[in-house]
Amino acid sequence: MNEFELHYQYLRKSAGVIDLSARSRVCVTGADRQRFLNGQVTNNVKDLKVGQGCYAALVTAKGKMQSDLFIYCLADELLLDFESGLTRAVTERLEKYVIADDVQMVDVSELYGMFTVQGPCSAEVIKAVGLEPPLVNLSWTKGHESRGEVYCMNNARGAAAGFDLFVPSEDLKRMSDRLVEAASNAEGGMSSVDVLDVVRIEAGIPKFGVDMDETNLASEAGIEARAISYTKGCYIGQEVISRIRAFGQVAKSLRGLRLPSEIPQLPQKGDKLFHNAKEVGYVTSSCRSPILQGYIALGYVRREHHDPGTWVEIGAVDSSIKATVCDLPFVAANAV
């Protein structure tokens, strides 16, 4: 078993610790923060209580994605966790709609780092470092380190269970050592973002900037059930998203693609999909799945060809890889 396979087994059978400090972290403060943010994102923020969280999309007035967000209701602020490199774009997008609201956006990436512990033994690891693992998805608990408060969020990122930790920057090294030691005691250890990405693809979870971007409607990306509330009231982009739900399906949607057991190379982001020589979509992510012992990909497929069992060709028509469209996820979260 090579190092990658070992680290993959941590996430599937025990617990893997991964440094996610490269992700963006912004706090929304001010007396109007909850009402304001509720009018900006696709999910219900106004009814969140302290200790709760939700997953949402930030979209344009035309319903196109600008980011996905994990939103946590802290005592005096809302914490936004989203993909790296988007702090400025997300902050400017939100500030654009601040008129007379008592709302401020604060970049806290330098103040707090981030770890995630993923795998069936992750709660055991959280307890071993003196924290109480929250029981409900996207809920959170709080503990203390020498330099400040540590926030522990229930967030399985494709594994059977998982928790994100927001840790004061001065305590990152100490917390990292403690987490790895606790994971090792559970027959796990330090893992990597690359390994987590494979588990993410197996679970059919799209990543912003890879599987969904500014060209996609939120409804196309397979996040509707997790990220969109149709009862919360008005927000930027609501009219388009509600119209799609009321009057018809999207033209394309994110689907799984099962590839042959032997391929010359992994498909790349943007590789085109064909059916009977007609272009019907494109690839976004791909990997070799250790648990399936085969190759898989995510991609957008046009509505008329997205039914499970439909075959498509990836790449040039004369030098293509055949693939079969399938439902997501490829692998259940608790698979071992």
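In short, a report on the structure. (Residues numbered from 1 in each chain as written. Predicted model: local features only at pLDDT ≥ 70, side-chain atom pairs only at ≥ 80, totals over all residues. Heavy atoms only, no water.)

## Thoughts on the overall build of the protein chain
Counting secondary structure elements, the protein chain contains eight helices and 17 strands. Principal axes of the C-alpha set define a box for the protein chain whose edges measure 60 × 55 × 30 Å. Sequence-distant contacts in the protein chain: of pairs separated by 6 or more residues, those separated by 24 or more amount to 68%. Looking at the protein chain as shown, the accessible area adds up to about 15,000 Å², and 49% of this sits on carbon and sulfur atoms. (Helix = DSSP H or I, 4+ residues; strand = E, 2+ residues; numbered from the N terminus. Contact = heavy atoms within 4.5 Å. Areas by Shrake-Rupley, 256 points an atom, 1.4 Å probe, with all protein chains shown as cover.)

## Here's the deal with the sheet that holds strand β11 (residues 189-190)
Taking strand neighbours across the sheet as the criterion, the six strands line up as β8-β9-β10-β7-β1-β11 in an open arrangement whose pairing is mixed. For this open sheet the edge positions go to β8 (140-145) and β11, each flanked by a neighbour on one side alone. In the sheet, strand β1 (residues 16-19) pairs with β11 via two bridges, with the strands oriented parallel. Residue pairing in the sheet places V17 in a bridge with M190 of β11. Set on the sheet, helix α5 (residues 172-185) makes contact with β1, β7 (112-118), β8, β9 (148-154), β10 (162-168) and β11; between it and β7 the angle comes to about 5°. (Pairing = 2+ DSSP bridges. Axes fitted to C-alpha atoms, helices over the stretch in contact; angles between N-to-C directions.)

## Side note on the packing of helix α1 (residues 3-13) against helix α6 (residues 193-202)
Across the interface, α1 lies against α6 with an axial gap of 9 Å and an inter-helix angle of 55°. With respect to α6, the axis of α1 lies oblique. Pair α1 / α6 crosses with right-handed handedness. Contacts between α1 and α6 involve F4, H7, Y8, L11 and R12 from the former and D194, V195, L196, V198, V199 and E202 from the latter. Looking at the contact of α1 with α6 residue by residue, the class counts come to seven nonpolar, one polar and three charged. (Parallel < 35°, antiparallel > 145°, perpendicular 65-115°, else oblique. Left-handed = near helix turned anticlockwise from the far one by under 90°. Nonpolar A, V, L, I, M, F, W, Y, C, P; charged D, E, K, R; others polar.)

## Looking at the sheet that holds strand β2 (residues 24-29)
The pairing of strands in a sheet comes from backbone hydrogen bonds and takes either a parallel or an antiparallel form. Ordered by their spatial adjacency, five strands build an open sheet running β3-β4-β5-β2-β6, and the pairing between neighbours is antiparallel. The two strands at the open ends of the sheet, each matched to only one other strand, are β3 (53-59) and β6 (104-107). Taken pair by pair, the neighbouring strands of this sheet meet at an average axis angle of 30°, ignoring direction. Here strand β4 (residues 65-73) pairs with strand β5 (residues 78-82) via four bridges, running antiparallel. Looking at β5, one finds that C73 is bridged to L78.

## Observations regarding helix α8 (residues 238-247)
Listing the buried residues of α8 in full gives V240, I241 and I244. What you see down the axis of α8 is that its buried residues fit within an arc of 100°, all on one side. More than 90 degrees from the buried face of α8, the exposed residues found are E239, A246 and F247. Buried-residue contacts for α8 involve β3. (Buried < 20%, exposed > 50% of the residue type's maximum accessible area, 1.4 Å probe, protein only. Arc of directions from axis to C-beta.)

## Remarks on α5
Three- or four-residue spacings in an α-helix give side chains the same orientation, since the helix completes a turn every 3.6 residues. Under the 1.5 Å per step criterion, the end-to-end length of α5 is 20 Å for 14 residues, consistent within 8% with the ideal 20 Å. Residues of α5 that are buried include every one of L172, M175, S176, L179, A182 and A183, and no others. With its buried residues spanning 135° around the axis, α5 presents them on a single face. For α5, the exposed residues set more than 90 degrees away from the buried face come down to K173, E181 and N185. E187, located one to two residues past α5, shows a positive phi value of around 65°. (Expected span 1.5 Å × (residues − 1).)

## Notes on the state of the cysteines
For the structure on display, the rule yields zero disulfides. For C27, which is in no disulfide, the shortest distance to another cysteine sulfur is to C73 and amounts to 11 Å. Owing to a relative accessible area of 6%, C27 belongs among the buried residues under this scheme. C326 supplies the cysteine sulfur nearest to C287, a cysteine that is in no disulfide, at a spacing of 12 Å. A residue is classified by how much of its surface remains accessible, and C287, at 5% relative accessible area, is buried. (Disulfide = S-S within 2.5 Å.)

## Let's talk about the environment of E214
Here E214 shows up in the loop between α6 and α7 (224-227). Sequence separation of E214 and T60 is 154 residues, and the distance between their C-alpha atoms is 8.8 Å. If sequence neighbours within four positions are ignored, E214 has contacts with K64, M65 and F208.

## Here we look at the pattern of salt bridges
Scanning the entire structure with this criterion turns up 19 salt bridges. A salt bridge links E304 to R302; the shortest N-O distance between them is 3.1 Å. It is possible to trace a salt-bridge network through shared partners that takes in R23, D81, E83, R157 and D164. (Salt bridge = Lys/Arg side-chain N within 4 Å of Asp/Glu carboxyl O.)

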